[in-house]
Amino acid sequence: MPAVSKGDGMRGLAVFISDIRNCKSKEAEIKRINKELANIRSKFKGMLSSSQGTSLVGDKALDGYSKKKYVCKLLFIFLLGHDIDFGHMEAVNLLSSNKYTEKQIGYLFISVLVNSNSDLIRLINNAIKNDLSSRNPTFMNLALHCIANVGSREMAEAFAADIPRILVAGDTMDSVKQSAALCLLRLNRTSPDLVPMGEWTSRVVHLLNDQHLGVVTAATSLITTLAQKNPEEFKTSVSLAVARLSRIVTSASTDLQDYTYYFVPAPWLSVKLLRLLQCYPPPEDAAIRGRLSECLETILNKAQEPPKSKKVQHSNAKNAVLFEAISLIIHHDSEPTLLVRACNQLGQFLQHRETNLRYLALESMCTLASSEFSHEAVKTHIETVINALKTERDVSVRQRAVDLLYAMCDRSNVQQIVAEMLNYLETADYSIREEIVLKVAILAEKYAVDYTWYVDTILNLIRIAGDYVSEEVWYRVIQIVINRDDVQGYAAKTVFEALQAPACHENLVKVGGYILGEFGNLIAGDPRSSPLVQFNLLHSKFHLCSVPSRALLLSTYIKFINLFPEVKGTIQEVLRSDSQLRNADVELQQRAVEYLRLSCIASTDILATVLEEMPPFPERESSILAKLKRKKGPGMVPDIEEGRKDKNVNGGMEPISTNATTKTSSFVSTGDLLTPEPPRFNRPRPVSSSSFSFLPAPLMPLPPSGPPPDPTLQSTPSPSTDLLGLGGSPALSSAPPSSSAGGLLVDVFTENHAPAAPGVPMGPVADDNFSRFVCKNNGVLFENQLVQIGLKSEFRQNLGRMYIFYGNKTSTQFLNFSSSVICQDSLKTQLNIHIKPADPTVDGGAQLQQILNIECVSDFVEAPVLSTQFRYGGTLQNIAVKLPVTLNKFFQPTEMTSQDFFQRWKQLSAPQQEVQKIFKAKHSMDTEVTKAKIIGFGVALLDRVDPNPSNFVGAGVIHTKTTQVGCLLRLEPNTQAQMYRLTLRTSRDTVSQRLCELLSDQF
Amino acid sequence: MIGGLFIYNHKGEVLISRVYRDDIGRNAVDAFRVNVIHARQQVRSPVTNIARTSFFHVKRSNIWLAAVTKQNVNAAMVFEFLYKMCDVMTAYFGKISEENIKNNFVLIYELLDEILDFGYPQNSETGALKTFITQQGIKSQEPYGCGTSHLQHQTKEEQSQITSQVTGQIGWRREGIKYRRNELFLDVLESVNLLMSPQGQVLSAHVSGRVVMKSYLSGMPECKFGMNDKIVIDKQGKGAATDDSAKSEMGGSSGKQSIAIDDCTFHQCVRLSKFDSERSISFIPPDGEYELMRYRTTKDIILPFRVIPLVREVGRTKLEVKVVIKSNFKPSLLAQKIEVRIPTPLNTSGVQVICMKGKAKYKASENAIVWKIKRMAGMKESQISAEIELLPTNDKKKWARPPISMNFEVPFAPSGLKVRYLKVFEPKLNYSDHDVIKWVRYIGRSGIYETRC
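Residues numbered from 1 in each chain as written. Chains lettered and ligands numbered in written order. Predicted model: local features only at pLDDT ≥ 70, side-chain atom pairs only at ≥ 80, totals over all residues. Heavy atoms only, no water.

Bringing the overall build of chain A into the picture now. Per the secondary structure count, chain A includes 43 helices and 16 strands. Of all 1003 residues assigned to chain A, the portion counted as buried reaches 52%. Split by element, the accessible area of chain A, about 45,400 Å² in all, is 52% carbon and sulfur. (Helix = DSSP H or I, 4+ residues; strand = E, 2+ residues; numbered from the N terminus. Buried < 20%, exposed > 50% of the residue type's maximum accessible area, 1.4 Å probe, protein only. Areas by Shrake-Rupley, 256 points an atom, 1.4 Å probe, with all protein chains shown as cover.)

Have a look at this one:
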């Protein structure tokens, strides 16, 4: 920028600004501004009238200087926060001036004040075009800066095609190239769709070879952004970047002259090149690869050299390059020596004076720890990290230290790390306590060699930070203790000892209650922990606990009655007391009453079966890990499991049993409750009669030894009260039919549609809402914590159109969004589905619409599956939902008279054409609702056809591309028996079968 | 109750900071500065609530006075106190300005200690305060030090009297005052507020008035004040004509017999019980100047001026304005300091004004044409016409046409209030009502006197 000469100082502007600065009050300032605005208006007015040729006497046209001065004043007033609604025209006039300063002010005004003002935009664009095509580099630069500063869509539309041309033209000045590259980068960021990719891309890559380092720096930024989008096109940039990097790294500090910053050669360019290289895997060409390794080594070597200057800028620039190099090394993850060296270098920084360096070192080490090459090297710094945890003043650095400890932990050092974390927990900052608790719990579980140690650790954890121990943690302890026979005795003993402390946390009481209830017998031999002592100890905590814990303790008591018949009397006494039997809380009261009855009536055999020890839990992903992931956001937790699966030789943690349903007992439900993802009980589970011995049917909602915070029970009070009636019946010994018990189980849980936890990939196809769509076309098909999928569909004859709405419920963007419809083999021929591709990104809180065109070729049974994939945070989410495209959607209703109906009914009398089903009503038998459902099903509801007015009769034709299938239906409700009889007659037996299945589910 | 009191200069620097309660910390000082004085948008509400702390502020010239509290106080009480405090400070050292406050900060702290106790307002009567806070203020005009040397030296007896007087029944007057000439001045000060439609229809109008008295009377005189309050006049009209003489003397001259007062407040010296029962205003006056009563009327207001605007838009770039003002009072009276303010659009680029009387000028800094007339007799008429040139803007907003406002001063009470009598009785000393020299003056000023155009 040319220096402003003395005569160009705009004295008026300076005076105005100093006037404003000297104003004593806001009012005075506003007065001064009003005065100035009036002055400028009168000046511009004069100009306007004279330029229009209606010049009044005494008017003089404004010269460029005054115009510039006034526009400047307006700009200043605008920047002070006042509205400016004139002067745009004058500013645009300045653009066509030939003086640099005038043009500059004009562009400045436009960049700051431009809005999509239609008539001016055209003029501005024209002026910019002129400047771009001028040969004057300063003017071109000004124009490019203006485009980049405004960066609006309109600008992009107008100039996106020109700028690449300027960028790659051979005769463009270096400084213009620089600006053009950055301008293009800006436009690419704001409206990537408008920037055309073309032959210029290959030439842009060659800018990396440019003589001028400024151009190279600007081009690298541009290429990095473009390469992230289409890596293939810019692949050639890798070798060029490596070459350039090696030239910079090996150059002496004086070679680059202007681009040497405090003795570091071109630090910004180096950082950018290193970042560009992180877009690609390690180069395959051995020569390039060798050269790159050399560069990285040189950078690492330079870090070891004594600093050339004491200035902070020198070390900052040097470290910036170093850290970027280290992240490239980590990204490549292929050179063990480099990784180890990087790790050692970071180790030195761990004790550096600068807090920022320590933070960065810890953060980079976290990623290094997950690489198998450098994991051992990272481990050598354990003492330093632990020391950092203890002595660091800055909480964010301590947090990073915790992260690093978590990442570097393995079987060899787990005891030390967990002990240190527990130590630290006592003094830790409240904001990170919960996270540390989760980490300790996970590490202790994952690398536990000795389960007694594990039990000790967790009990310690509960003691130290009870309030921060979430449900998942203690659920997990119980799962593990129950699944491992060898620790049960030890656990019971330790828990018993821990409970003896005068004040213990409620979570400890819960764990204690559960474990003693199961395994109290293992320590009952010792007179110090005799059954009565155990009971008294637990009961002493009873009154201090919350309702869920008390409920759990009640379950423990009934278990005690089974384990130790000698304390039966004492416990019955406790249960019989008014505070239990007449407790205000329904749950506690019910448990007390039922347990008391159970203990009085049932024989010891029955008690022993009912209150048998818990079977082992099915293994699944640790629920704590899921919680940690949820807490930190997906992708934030370095996944130890994935990183070093091969090292995990812990047999005990491998799944014990994969099929939960084979062990169908009431305990399965309780086991499931221990996971954050409640199971969907929407289908009856097969209940084999052999497993019946486990089933204390009437008590089912109250699992005899289940963990008491039973969400299903508390959320669905009505089924449980229903069952209470059954429970009161003396049918304890005479077994009710198991099938009905299974049915009851289903009923209890059918209403329980809990959304899946985020971060856990959806394995099975979700079809909870499928049946709801049989009789309607619009609604919410699927919902979890991340996404909601809604449907809107319309069908005509054999064609249908479905609008799918994906709502992003989070505030972060979904990336790589894609969805497809999967048809099973036979369905492919029966149904033609065309899906329009959707946008790959869904913004936070936004909704995406996708259109699906469906054509029914012939009748079909299966439903297509909508499979949706997207990336949320770092993790890939997979959602598969059954699309409610059912045969009945292609119904066309047919009106007919009674006579017609019965005539056709008789025609379709072949046995395979009729399907009949008698079933129990699942919902209340409301006539209007039933009518609506039949109409929603697609057939015409025929009034006064059936002699019995309470029966429903319908008729319709199913249209497929190949055939049309007529269909008649008749639904006879029996209100007394709460039953329905559904009869369907169609010309095709498969159609009858399918329609009957669909419709019978609805009532 | 008031937790603290701060005085800031226009820059937001704290000049005086007095904290009465622990719940107000230093951060409250900054909160007010950041959120009110330095706020991006001008704060118009006098009460601001920041972080569960209420700030009540008044502004005198460039000085901000802010009372701060965390409790739910009576806002009217706080403002009454703040105004009273301004009065007290004015009485001690003249105009409230940054310089005066800096020069008198010791005095101000002493005053604050006296008139607020643990946040509860105490006696803030200037006369009473002057008896025991005897420091004289430093007025900026005087050379430094001149005032302070003038300390009154009191005898022990006088000092003991102070206590009994401050704590006694009549806290506003000390005993043993003697004047050679017993004299009193009565000012009726009114401000008239008006909003009128362009067609001349009154949209709202009210008068708020004050009766201010300056008394130089010996001893402990008992005074009785009478005015043409409608209730009193009607009562007397029905009953025996006891005050016939007074009626013919004062109320007879005006065409209107009595006025309806909407609400009124009195100085603490007025015996309210007597006012409630007999509607007579009797009191023992403080010595010196004080405000006897405040009142408000809304009916039968005499509007001293009528403004007739005429605005014509000629195309997009020109505006013609013509304004006529008519004075509407007795021709023998003279209105003074007349100022008419005609707002101009924000894109005004030039103005030509022609007026028959006075001086008119376009003030760009205020976006208005200001027309000033020094004096104008009753039943007269004057006119101004202006041609406003506009700059076409790309802003499509229409000009909102703010109302034309007016300022003036007239020598009568626009509410029609008349003082009927003010009687003085001093049984112990030998002077009677007739020996007291009484002066009465009426001044009517404009409040917000606006006409839409």
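Take the packing of helix α10 (residues 174–190) of chain A against helix α12 (residues 213–229) of chain A next. Residues and elements named next belong to chain A. Interhelical geometry of α10 versus α12 gives an angle of 25° and a closest axis separation of 8 Å. Considering their axes alone, α10 and α12 lie roughly parallel with respect to each other. Here the hand of the crossing between α10 and α12 comes out left-handed. On α12, the residues touching Asp 174, Lys 177, Gln 178, Ala 181, Leu 182, Leu 184, Leu 185, Asn 188 and Arg 189 of α10 are Gly 214, Val 215, Ala 218, Ala 219, Ser 221, Leu 222, Thr 225, Leu 226 and Lys 229. (Axes fitted to C-alpha atoms, helices over the stretch in contact; angles between N-to-C directions. Parallel < 35°, antiparallel > 145°, perpendicular 65-115°, else oblique. Left-handed = near helix turned anticlockwise from the far one by under 90°. Contact = heavy atoms within 4.5 Å.)

Every contact between the two is made by 19 residues of chain A and, on the other side, 23 residues of chain B. Counting the surface chain A buries against chain B, the share from its top three residues, Arg 41, Lys 45 and Asp 85 of chain A, is 35%. Joining chain A to chain B, the criterion identifies 7 residue pairs in polar contact (both at pLDDT 80 or more). Among the elements that line the side of chain A that touches chain B, the one with the most residues is helix α2 (residues 26–51) of chain A, at 12 residues. (Buried area = accessible area lost by both parts, 1.4 Å probe. Polar contact = N/O pair within 3.5 Å; in protein donor to acceptor, adjacent residues only side chain to side chain.)

So, about the packing of aromatic side chains. A complete count under the given rule lists 33 aromatic pairs over all chains for this structure. Look at Phe 185 of chain B and Trp 439 of chain B: their rings are 6.2 Å apart centre to centre, the planes differ by 10°, and that puts the pair in the stacked class. With Phe 185 of chain B in strand β8 (residues 183–196) and Trp 439 of chain B in strand β23 (residues 437–451), this pair connects stretches of sequence that are 254 residues apart. Looking at Trp 439 of chain B, the relative accessible area reads 45%, which means it is partly exposed. Taken together, the ring pairs in this structure connect Phe 6, Tyr 8, Phe 32, Phe 55 and Trp 64 of chain B into an aromatic cluster. Above the ring of Phe 139 of chain A, the side-chain terminus of Lys 103 of chain A is found at 4.4 Å from the ring centroid. Taking NZ or CZ as reference, Lys 418 of chain B lies 5.6 Å from the ring centre of Tyr 442 of chain B, over its face. (Phe/Tyr/Trp six-rings, centres within 6.5 Å; stacked < 30°, edge-to-face > 60°. Lys NZ or Arg CZ within 6 Å of the ring centre and 35° of its normal.)

So, about the sheet that holds strand β5 (residues 799–808) of chain A. Residues and elements named next belong to chain A. Taken together, the 5 strands give an open sheet; going across it, the order is β3-β4-β5-β8-β7, and neighbouring strands pair in antiparallel fashion. At either margin of the open sheet sits one strand with a lone partner, and together these are β3 (779–783) and β7 (831–835). The sheet shows a mean angle of 25° between the axes of neighbouring strands, taken without regard to direction. Across 5 bridges, β7 lies against strand β8 (residues 847–856) in antiparallel orientation. When the bridges of β8 are listed, His 834 appears paired with Asn 853. (Pairing = 2+ DSSP bridges.)

Residue and element names in this part refer to chain A. By size, the foremost hydrophobic cluster in this structure holds 215 residues, and its most contacted members are Ile 128 and Leu 461. Not counting residues within four places of it along the chain, the set of residues in contact with Leu 461 comprises Leu 422, Leu 425, Val 437, Val 440, Ala 441, Gly 466, Val 469 and Val 473. Grouped together as the second largest cluster of nonpolar side chains are 56 residues, Tyr 806, Cys 856, Phe 870 and Leu 971 included. (Core = buried A, V, L, I, M, F, W, Y, C linked by side-chain atoms within 4.5 Å.)

All names here are of chain A. On average, chain A scores 76 in pLDDT, and the residues at 70 or more come to 83%. Below pLDDT 50 for its whole length, residues 52–59 participates in 5 contacts with residues either more than four positions away or in separate chains. Long-range and interchain partners of residues 634–763, a stretch whose pLDDT sits below 50, account for 188 contacts in this model, where long-range means more than four residues apart. (pLDDT = per-residue confidence, 0-100.)

The next point concerns the state of the cysteines. On inspection of all chains with the given rule, the structure shows 0 disulfides over all chains. Summary of cysteine pairing: Cys 269 of chain B is not part of a disulfide, and the nearest cysteine sulfur, belonging to Cys 223 of chain B, is at 8.5 Å. (Disulfide = S-S within 2.5 Å.)

Turning to the sheet that holds strand β15 (residues 318–327) of chain B, a few remarks are in order. All names here are of chain B. Reading across from one edge, β14-β15-β20-β17 is the order of the 4 strands in this open sheet, with antiparallel pairing throughout. If you trace the sheet from one side to the other, it starts and ends with β14 (305–314) and β17 (348–355), each paired once. Across the sheet, the mean angle from the axis of one strand to that of its neighbour is 15°, orientation sign disregarded. In terms of strand pairing, β15 meets strand β20 (residues 381–390) through 9 bridges, oriented antiparallel. If you follow Val 324 over to β20, its bridge partner there is Gln 383.

A negative phi angle is the norm for most residues apart from glycine, just as the trans form is the norm for most peptide bonds. One non-glycine residue, Gln 797 of chain A, lies in the positive phi region at around 50°. Relative to the helices and strands, Gln 797 of chain A resides in the loop between β4 (787–796) and β5. In this structure, Arg 401 of chain B is a non-glycine residue whose phi angle is positive, near 55°. Among the structural elements, Arg 401 of chain B can be located in the loop between β20 and β21 (404–410). Judged by its relative accessible area of 27%, Arg 401 of chain B is partly exposed.

A separate point is the environment of Thr 393 of chain B. For Thr 393 of chain B, the position within the fold is in the loop between β20 and β21. By relative accessible area, which is 13% here, Thr 393 of chain B ends up buried. Each C-alpha atom, one on Thr 393 of chain B and one on Asn 347 of chain B, is 7.4 Å from the other, the two residues being 46 residues apart in sequence. If we skip the residues at most four places from it in the chain, Thr 393 of chain B touches Asp 85 and Phe 86 of chain A together with Arg 316 and Asn 347 of chain B.

Moving on, we get to the pairing of strand β1 (residues 4–8) of chain B. A regular strand carries its side chains on alternate faces of the sheet. Residue and element names in this part refer to chain B. Taking burial as the measure, the 5 residues of β1 include 5 buried ones, the bulk of the element. Burial of β1 is two-sided: the residues Gly 4, Phe 6 and Tyr 8 facing one way and the residues Leu 5 and Ile 7 facing the other way are all buried. Relative to strand β2 (residues 14–19), β1 runs antiparallel, the two sharing 5 bridges. Its bridge partner lying in β2, Leu 5 is registered against Arg 18. Connecting β1 to the antiparallel partner β2 that follows it, the hairpin turn spans 5 residues, and Gly 12 within it adopts a positive phi of roughly 95°.

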